[in-house]
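Here is how the chains run, residue by residue.
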Amino acid sequence: MAAPIRTHDGEVIAALSASGPAYRLTEERVHELVPTLLQGAQEISHRMGYLG
């Protein structure tokens, strides 16, 4: 799974991702981790000047 990293003008320049073996990264676990992954990507984007 991955979430976009954006510049100040909204351009996607990178992605923050998380991966693991299927037996640990079950569908249930993915649903638990998505909010944290998105929050991390948003924080990085914010530090890059993205306000959206």
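Up top is the structure these notes are about.
Note that this is a predicted model, so its numbers are computed, not measured.

What counts, and at which threshold
Residues numbered from 1 in each chain as written. Predicted model: local features only at pLDDT ≥ 70, side-chain atom pairs only at ≥ 80, totals over all residues. Heavy atoms only, no water. Helix = DSSP H or I, 4+ residues; strand = E, 2+ residues; numbered from the N terminus. Rg over C-alpha atoms; globule rule 2.2 N^0.38 Å. Buried < 20%, exposed > 50% of the residue type's maximum accessible area, 1.4 Å probe, protein only. Contact = heavy atoms within 4.5 Å. Polar contact = N/O pair within 3.5 Å; in protein donor to acceptor, adjacent residues only side chain to side chain.

A. Just the overall build of the protein chain, in detail. Within the protein chain one finds 1 helix and 2 strands. Each helix (α) and strand (β) of the protein chain, taken in turn from the N terminus, gives the series β-β-α. A compact globule built from 52 residues should have a C-alpha radius of gyration of about 10 Å, whereas the protein chain, at 12 Å, is more than 25% larger. Taken over 52 residues, the protein chain has a buried fraction of 13%. The long-range fraction of contacts in the protein chain, counting pairs at least 24 apart against all pairs at least 6 apart in sequence, stands at 51%.

B. Just the environment of Asp9, in detail. Mapping Asp9 onto the fold places it in the loop between strand S1 (2-6) and strand S2 (12-17). By relative accessible area, Asp9 is classed as exposed at 53%. Taking the C-alpha atoms as reference points, Asp9 and Gly49, separated by 40 residues in sequence, lie 8.0 Å from one another. Here Thr7 takes part through its side chain, which lies 2.3 Å from a polar atom of the side chain of Asp9. Within polar-contact distance, the side chain of Asp9 engages the backbone nitrogen of Glu11 at 3.4 Å.

The analysis is restricted to geometry; functional conclusions fall outside its scope.
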